There are 2 protein chains.
Amino acid sequence: MRERIGVGLMGLGVVAGQVARVLEEKAAVLQRQVGCPVELLKVKVAEADLSRPQAAELGSRITVDEDEFFNTPGLDIVVEAIGGERPALDYLKRALSSGRHVVTSNKEVVAKHAAELLKLAETNDVSLRCEASVGGGIPLLSPFQYDLVANDIRGIYAIINGTTNYILTCMAREELDFPTALKQAQALGYAEADPKNDIEGIDAAYKLAILASLAFKAEVKPDDIYSEGISRLGSCDFRYAEELGYAIKLLAIARQENGSIEVRVHPAFIDADSFLAKVDGVYNAVLAEGDLVEKVMFSGQGAGPLPTSSAVVADVAAAARDIYLGVGNRGIWVLNPGIKVKPMEEVETRYYFRMNIADESGVLAKVSTIFGQNGISIASAIQKETDNANRTAEIVIMTHSAKEKAVRRALEDLKGLDVVNEVNSLIRVEVD
Amino acid sequence: MRERIGVGLMGLGVVAGQVARVLEEKAAVLQRQVGCPVELLKVKVAEADLSRPQAAELGSRITVDEDEFFNTPGLDIVVEAIGGERPALDYLKRALSSGRHVVTSNKEVVAKHAAELLKLAETNDVSLRCEASVGGGIPLLSPFQYDLVANDIRGIYAIINGTTNYILTCMAREELDFPTALKQAQALGYAEADPKNDIEGIDAAYKLAILASLAFKAEVKPDDIYSEGISRLGSCDFRYAEELGYAIKLLAIARQENGSIEVRVHPAFIDADSFLAKVDGVYNAVLAEGDLVEKVMFSGQGAGPLPTSSAVVADVAAAARDIYLGVGNRGIWVLNPGIKVKPMEEVETRYYFRMNIADESGVLAKVSTIFGQNGISIASAIQKETDNANRTAEIVIMTHSAKEKAVRRALEDLKGLDVVNEVNSLIRVEVD
């Protein structure tokens with residue numbers, strides 16, 4: 001039996017700093033859970049981190065030297081909480097190659113390099129764990145690794161970016177336009193000074209790649225994911241959505257059917273009475289559909305140092321328990337070949353169009369003809385507002401289910417019509 | 001390395017029958033997850049089950065003989081899905097004592113005998129798993145066993161009985177009285193012919209005992225739990241709740257503070273805007289609060305053969321994986337001594353009183369005096385309806401936080417007042 005398990009931490013930012021504190025404060029709990037003490041032996045930081053008060057508290061356990069870190073005697077588990085692709089990837093590879101179990105909160109590096117990292121973990125008989133990389137402290141990955149393994153996962157519908165959900169909640173409730181809601185989120189610290197990764201759906205795509213890879217046991221990379229942000233939504237879209245019985249959310253969707261999967265991140269109309277429509281502010285939620293379990297939902301705070309440290313330390317406890325029990329690579333994340341990602345053009349869903357048209361007779365007929373020529377069936381067409389001075393009107397068209405490629409062709413055709421001044425919004429409508 | 005893992009199933013009711021089907025249908029998935037085939041070797045049934053078509057399909061694997069079942073060569077895992085306390089308890093003890101890992105969906109036997117069963121599991125170096133005993137296919141136990149281990153769990157607020165949640169949803173939405181809503185639930189198969197276990201909160205108390213034992217790592221037995229059902233709720237309570245901004249739910253609550261825990265099941269007023277208030281129909285949900293993770297919520301269908309089989313087979317996969325990796329008792333459920341359950345009299349919460357009083361001057365002063373004498377502070381007192389013919393009126397009083405024992409004394413005192421005709425309802429109001 002082991003007398004202790006040694007942990008090395010990489011990084012000392014808000015998440016890593018909190019992880020260091022929890023490892024010390026919850027030492028007794030961890031020891032009970034694991035069977036022997038779990039000790040933080042070494043912390044690798046960048047030069048800039050040396051001035052942090054916590055660096056001083058950690059004393060001789062702090063190092064800026066990568067070799068010193070990896071050569072620490074008794075180092076069983078490496079926790080990486082630096083973030084970003086480089087140098088994190090190199091560190092993770094070195095940790096796995098040297099036979100250390102790895103715990104990371106880094107969604108970008110896992111999303112982009114899961115296959116390579118899992119291969120290295122297998123070769124070196126250790127495990128890679130990354131529960132904290134998606135949804136902070138909400139257990140979102142372990143359900144797919146353990147609890148739902150008997151299910152064929154049919155679909156995942158997720159709100160996994162708190163920044164955009166906060167902005168959308170403001171736009172819906174306070175009728176703010178996008179730039180004003182973004183400024184409010186930035187003032188409150190919910191959005192970064194450079195908000196691109198969040199508002200353009202890039203962060204959500206990283207997380208969806210990880211979720212979909214686990215759920216479908218297939219390699220899904222960020223580049224496979226169609227991704228569209230929220231910056232082009234207009235405040236009137238929220239008003240019309242509400243009138244029609246919908247809410248607008250940035251959804252990360254993964255669906256599997258007949259050995260082919262679709263993965264996409266975009267704003268979506270969802271039923272105002274659905275669970276996901278009620279997930280507001282910075283909260284995250286994942287709805288999973290399996291053939292046995294039907295629908296299950298997990299929700300909570302998707303970010304922040306405390307919730308994220310909860311997930312990191314749980315992974316450390318699981319890795320330590322495995323080491324204590326003599327288990328190496330647990331095989332909790334297997335990527336099977338042969339599952340294909342469907343091109344976005346082949347995806348079918350319903351659509352909401354908002355467009356500005358000339359307010360004259362016969363326009364609706366011309367617009368409808370274009371939908372018909374592209375094989376798209378219109379569910380409803382409603383004239384919303386008329387500008388008498390400019391002789392223009394705004395119409396909203398809801399379609400029945402149609403293929404993305406037909407919709408894109410229709411969009412081009414509509415832009416070519418002289419009676420259509422602008423197609424302002426095109427938002428997918430999700431039934432589930 | 002093992003060449004196969006053998007499973008024995010006890011029972012062939014709706015849940016057990018579905019488990020047998022899933023073990024066959026998902027054999028390839030299980031083999032991939034575990035590392036070797038997982039085979040259903042034997043099914044122990046009662047005489048009455050022999051006439052089921054599924055018994056014929058299972059052929060020579062069916063037996064009514066307990067010894068034959070336990071003597072099956074290669075039997076590594078015993079799955080018990082009979083339900084009820086006896087003979088299930090004897091079977092589980094025999095399975096553990098003979099060194100088999102155990103998976104059970106039986107909330108009653110686990111709630112009443114967890115400590116004894118866990119001790120047997122430890123002695124025989126095997127594990128006891130029971131994810132399916134609470135909340136069907138929703139992963140409700142594994143979060144406390146793995147994902148939230150770094151947290152001090154402060155509270156659990158759970159809707160874990162689908163029958164009562166369906167009835168309460170009908171009473172709220174359709175303004176039905178309790179007997180009518182119960183009949184409707186029975187007609188739809190959501191309530192049993194003898195509904196006592198569900199409507200009196202007994203089923204919820206079993207599940208809460210398991211949840212609280214896991215979350216607080218302390219032995220909590222059904223007898224420790226204060227339990228009150230929903231049969232005395234009046235339809236006007238739902239109307240008043242709505243007017244005051246609340247919903248009424250049968251909540252299972254477990255809270256921990258300063259080494260003492262409170263555990264109780266009763267109808268409760270909860271904020272109409274809260275997550276739990278939106279959990280309707282037969283859906284279940286558990287909200288957990290931890291010091292790191294803050295609030296996380298899990299929800300889904302809490303019953304039914306398909307979701308329950310999802311949890312049972314996940315437990316079988318986990319047990320089989322452990323056997324494959326050479327792990328015996330995993331120590332996922334430890335009961336620490338020294339944590340005490342607080343007597344119900346010491347519990348503090350807010351209260352809603354509905355009472356019928358004489359419609360004459362000075363009555364409110366008399367009623368208020370009784371609250372004051374018992375140290376209970378009134379937050380609001382509203383006269384709702386007046387019956388001019390009988391000169392009676394209905395009033396609703398909401399209190400600030402008060403101890404249960406003070407409220408019980410006040411209730412006795414109120415009953416002794418000649419101007420109080422009846423105290424119709426006394427419902428706790430939960431802030432969280």
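Residues numbered from 1 in each chain as written. Chains lettered and ligands numbered in written order. Predicted model: local features only at pLDDT ≥ 70, side-chain atom pairs only at ≥ 80, totals over all residues.

Novice: When you look at the sheet that holds strand E3 (residues 62-63) of chain B in this model, what are you seeing that I'm missing?
Specialist: Within a sheet, adjacent strands bond to each other through the backbone by hydrogen bonds, running parallel or antiparallel. Residue and element names in this part refer to chain B. Spatial ordering of the open sheet is given by E3-E2-E1-E4-E5-E6, a layout of six strands whose pairing is parallel. The sheet is open, and its two edges are formed by E3 and strand E6 (128-129), each paired on a single side. Against the sheet, helix H1 (residues 14-25) makes contact with strand E1 (5-10), strand E2 (38-44) and strand E4 (75-80), and its axis sits at roughly 155° relative to E2, the strand it touches most. (Pairing = 2+ DSSP bridges. Helix = DSSP H or I, 4+ residues; strand = E, 2+ residues; numbered from the N terminus. Contact = placed C-beta atoms within 7 Å. Axes fitted to C-alpha atoms, helices over the stretch in contact; angles between N-to-C directions.)

Novice: Could you clarify how one ought to interpret the interface of chain B and chain A in this entry?
Specialist: Many analyses report the size of an interface as the accessible area lost when the parts associate. In this assembly, 42 residues from chain B lie in contact with 42 residues from chain A. Counting residues per element, the ones that place at least two in the side of chain B that touches chain A are helix H2 (27-34), helix H7 (142-147), strand E12 (294-301) and helix H13 (305-325) of chain B. By residue number, the principal contributor to the side of chain B that touches chain A is H13 of chain B, which donates nine residues. Counted by class, the side of chain B that touches chain A contains 23 nonpolar, 12 polar and seven charged residues. Where strand E12 (residues 294-301) of chain A and E12 of chain B come together, five bridges link them in antiparallel fashion. Bridging across to E12 of chain B, Met297 of chain A finds its partner in Ser299 of chain B. (Nonpolar A, V, L, I, M, F, W, Y, C, P; charged D, E, K, R; others polar.)

Novice: Help me understand the packing of helix H8 (residues 162-173) of chain B against helix H9 (residues 178-187) of chain B, please; the structure alone is not making it clear to me.
Specialist: When two helices pack together, their arrangement is given by the angle between their axes and by how far apart the axes lie. Residue and element names in this part refer to chain B. Where H8 meets H9, the closest approach of the two axes is 9 Å, and the angle between their N-to-C directions is 125°. In terms of orientation, H8 lies oblique with respect to H9. As for how H8 packs across H9, the hand of that crossing is right-handed. Of the residues in H9, those in contact with Thr163, Tyr166, Ile167, Cys170 and Met171 of H8 are Phe178, Ala181, Leu182, Gln184 and Ala185. In terms of residue class, the contact of H8 with H9 is built from eight nonpolar, two polar and no charged. (Parallel < 35°, antiparallel > 145°, perpendicular 65-115°, else oblique. Left-handed = near helix turned anticlockwise from the far one by under 90°.)

Novice: I'm lost on the relation of the copies chain B and chain A in this one. Help?
Specialist: Think of it as a corkscrew move, a rotation about one axis and a shift along it, taking one chain copy to the other. Turning chain B through 180° and shifting it by 0.0 Å along the axis lays it on chain A, with an RMSD of 0.0 Å. Here the transformation between the copies is reduced to the relation of a two-fold axis. Among all C-alpha atoms of chain B, that of Phe298 of chain B lies closest to the rotation axis, at 2.3 Å. With an isologous cut-off of 70% or more, the 98% of interface residues of chain B that recur at the interface of chain A puts this contact in the isologous class. (Least-squares fit on C-alpha atoms with pLDDT ≥ 70 in both.)

Novice: I would appreciate a short explanation of the domain arrangement of chain A in the present structure.
Specialist: All names here are of chain A. What the domain assignment lists for chain A is domain 1 (5-137 + 305-325), domain 2 (142-301) and domain 3 (348-430). Each of domain 2 and domain 3 was reduced to a C-alpha centroid, and the two centroids are 26 Å apart. If you tally residues by element for the side of domain 2 that touches domain 3, the top one is strand E10 (residues 260-271), at five residues. Across the side of domain 2 that touches domain 3, the residue classes break down as nine nonpolar, two polar and one charged. (Domains from an automatic or database assignment.)

Novice: Help me understand the sheet that holds strand E3 (residues 62-63) of chain A, please; the structure alone is not making it clear to me.
Specialist: Residue and element names in this part refer to chain A. With parallel pairing, six strands are arranged side by side in an open sheet as E3-E2-E1-E4-E5-E6. The sheet terminates laterally at E3 and strand E6 (128-129), the two strands that pair on one side only. Sheet topology places strand E2 (residues 38-44) next to E3; two bridges connect them, and they run parallel. Each residue of the ladder has a partner; that of Val43, found in E3, is Ile62.

Novice: Can you walk me through the nonpolar core in this structure?
Specialist: Soluble globular proteins tend to pack their nonpolar side chains together in the buried interior. Grouped together as the largest cluster of nonpolar side chains are 299 residues, with contacts concentrated most on Leu208 of chain A together with Leu208 of chain B. Leu208 of chain B has contacts with Ala158, Ile225, Ala252, Ala254, Val263 and Val265 of chain B, leaving out every residue within four places of it along the chain. (Core = buried A, V, L, I, M, F, W, Y, C linked by C-beta atoms within 7 Å. Buried ≥ 20, exposed ≤ 12 C-beta atoms within 10 Å, placed from the backbone.)

Novice: What's the story with helix H9 (residues 178-187) of chain A in this structure? I'm lost.
Specialist: Every α-helix carries 3.6 residues per turn, so stepping three or four residues along brings you back to the same face. Residues and elements named next belong to chain A. By the burial criterion, the buried members of H9 are Ala181, Leu182 and Ala185. Seen end-on, H9 carries its buried residues on one side only, within an arc spanning 100°. Opposite its buried face, H9 presents the exposed residues Pro179 and Ala187, each directed more than 90 degrees away. On its buried side, H9 packs onto helix H8 (162-173) and helix H10 (196-199). Downstream of H9 by a residue or two, Gly189 has a phi angle that is positive, lying close to 80°. (Arc of directions from axis to C-beta.)

Novice: Explain unusual backbone geometry to me, please; I cannot follow it from the model alone.
Specialist: Negative phi is the rule for most residues except glycine; trans is the rule for most peptide bonds. Between Arg86 of chain A and the following residue, Pro87 of chain A, the backbone shows a cis peptide bond with an omega angle of 5°. In this structure, Pro87 of chain A sits in the loop between strand E4 (75-80) and helix H5 (88-97). Unusually for a residue other than glycine, Arg391 of chain A sits at a positive phi of about 55°. As for its position among the elements, Arg391 of chain A is in the loop between strand E15 (378-387) and strand E16 (392-399). Although it is not a glycine, Asp125 of chain B adopts a positive phi angle of roughly 55°. With respect to the helices, strands and loops of the structure, Asp125 of chain B is situated in the loop between helix H6 (107-123) and E6.

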